[in-house]
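Next come the chains, spelled out residue by residue.
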Amino acid sequence: MSMAYEEYMRQLVKPMREELTRAGYKELTTEEAVTEFMENAEGTTFVVVNSVCGCAAGLARPAATQAFLHAENKPNQAVTVFAGQDKEATAKMREYFGDIEPSSPSMALLKGKEVVHFIPRHEIEGQSLEAIFENVLDGFNKHC
């Protein structure tokens, strides 16, 4: 890939990354960062697998940010990896999801290293923002 293309993509996705980091999500951009974080994570962790698609922009990111900002019961930490952009980090995070099929965007709530609530793309795409928000909150309320 050309350097111009890579720079274009970095600039294109910058606001998509910032939408989550402004809401308090820690961005994990390398395989090493994912490993270090997950091996030291305690309690509950909410993971958003970010994406450039329309359902990420209009549904997944808004639901994830609003849930994390406004939930009474919150996970101990919230992190994000960006599918298609930080490929090694995303692949490493998906290892922690076990046998769950890769899906972008998606959201996972982990207790320790065990997935206790998972929202795949097919539960995001075509759903209302409110339904996704409620799905996230349901996971938080049951497990946090």
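Notes on the structure in this doc start here. Keep in mind that what you see is a predicted model, and the values were worked out from it rather than measured.

Side note on the overall build of the protein chain
Summing up its helical and strand segments, the protein chain has 5 helices and 5 strands in all. Against the 2.2 N^0.38 benchmark of 15 Å for 144 residues, the protein chain shows a C-alpha radius of gyration of 14 Å, consistent with a compact globule. Dimensions of the protein chain along its principal axes, counting C-alpha atoms only, are 45 × 35 × 30 Å. Counting across all 144 residues of the protein chain, residues that qualify as buried make up 46%. In the protein chain, the share of contacts with a sequence separation of at least 24, taken over all contacts with a separation of at least 6, comes to 72%. Here the protein chain has roughly 7300 Å² of accessible surface; of this, 49% comes from carbon and sulfur atoms. With 14 positive and 22 negative side-chain charges, the protein chain shows a spacing of 3 Å between the two charge centroids.

Some remarks on the packing of helix α1 (residues 3-21) against helix α3 (residues 54-70)
The N-to-C vectors of α1 and α3 enclose an angle of 25 degrees; their axes lie 9 Å apart at closest approach. Regarding the angle of α1 to α3, the classification is roughly parallel. Between α1 and α3, the contacting residues are Met 16, Glu 19 and Leu 20 on the first element and Arg 61, Pro 62, Ala 64 and Thr 65 on the second. Within the contact of α1 with α3, the residues separate by chemical class into 4 nonpolar, 1 polar and 2 charged.

Remarks on the sheet that holds strand β3 (residues 77-82)
Working definition: the strands of a sheet are paired by backbone hydrogen bonds and lie parallel or antiparallel to each other. An order of β1-β3-β2-β4-β5 is seen for the 5 strands of this open sheet, with the pairing classed as mixed. The open sheet terminates on both sides in strands that have one partner only, identified here as β1 (26-27) and β5 (114-119). The pairing of β1 with β3 spans 2 bridges and is classified as parallel. Bridge assignment links Glu 27 to a residue of β3, and that residue is Thr 80. Seen against the sheet, helix α4 (residues 87-95) touches β2 (44-50) and β3 and runs at an angle of roughly 130 degrees to β3. Lying on the sheet, helix α5 (residues 129-143) is in contact with β2, β4 (106-111) and β5; it crosses β5 at an angle near 160 degrees.

Section: the nonpolar core
Of all hydrophobic cores here, the largest spans 24 residues; its most connected members are Tyr 25, Phe 46, Met 107, Ile 124 and Phe 140. Residue assignment for this core shows that the elements contributing at least two residues are β2, α3, β4 and α5. For this core, the element with the most residues is α3, which contributes 8 residues. For Phe 140, the residues in contact, after removing those within four places along its chain, are Phe 46, Ala 67, Phe 68, Ala 71, Asn 73, Lys 74, Pro 75 and Leu 109. Judged by nonpolar contacts, the second largest core, of 17 residues, contains Met 93, Ala 108, Leu 110 and Phe 118.

A look at α4
Residues Ala 89, Thr 90, Lys 92 and Met 93 constitute the buried set of α4. Viewed end-on, α4 has its buried residues packed into an arc of 165 degrees, placing them on one side of the element. Counted as exposed and oriented over 90 degrees from the buried face of α4: Lys 87, Glu 88 and Glu 95.

Conventions used here
Residues numbered from 1 in each chain as written. Predicted model: local features only at pLDDT ≥ 70, side-chain atom pairs only at ≥ 80, totals over all residues. Heavy atoms only, no water. Helix = DSSP H or I, 4+ residues; strand = E, 2+ residues; numbered from the N terminus. Rg over C-alpha atoms; globule rule 2.2 N^0.38 Å. Buried < 20%, exposed > 50% of the residue type's maximum accessible area, 1.4 Å probe, protein only. Contact = heavy atoms within 4.5 Å. Areas by Shrake-Rupley, 256 points an atom, 1.4 Å probe, with all protein chains shown as cover. Lys, Arg positive; Asp, Glu negative; His and termini not counted. Charge placed at Lys NZ, Arg CZ, Asp CG, Glu CD. Axes fitted to C-alpha atoms, helices over the stretch in contact; angles between N-to-C directions. Parallel < 35°, antiparallel > 145°, perpendicular 65-115°, else oblique. Nonpolar A, V, L, I, M, F, W, Y, C, P; charged D, E, K, R; others polar. Pairing = 2+ DSSP bridges. Core = buried A, V, L, I, M, F, W, Y, C linked by side-chain atoms within 4.5 Å. Arc of directions from axis to C-beta.

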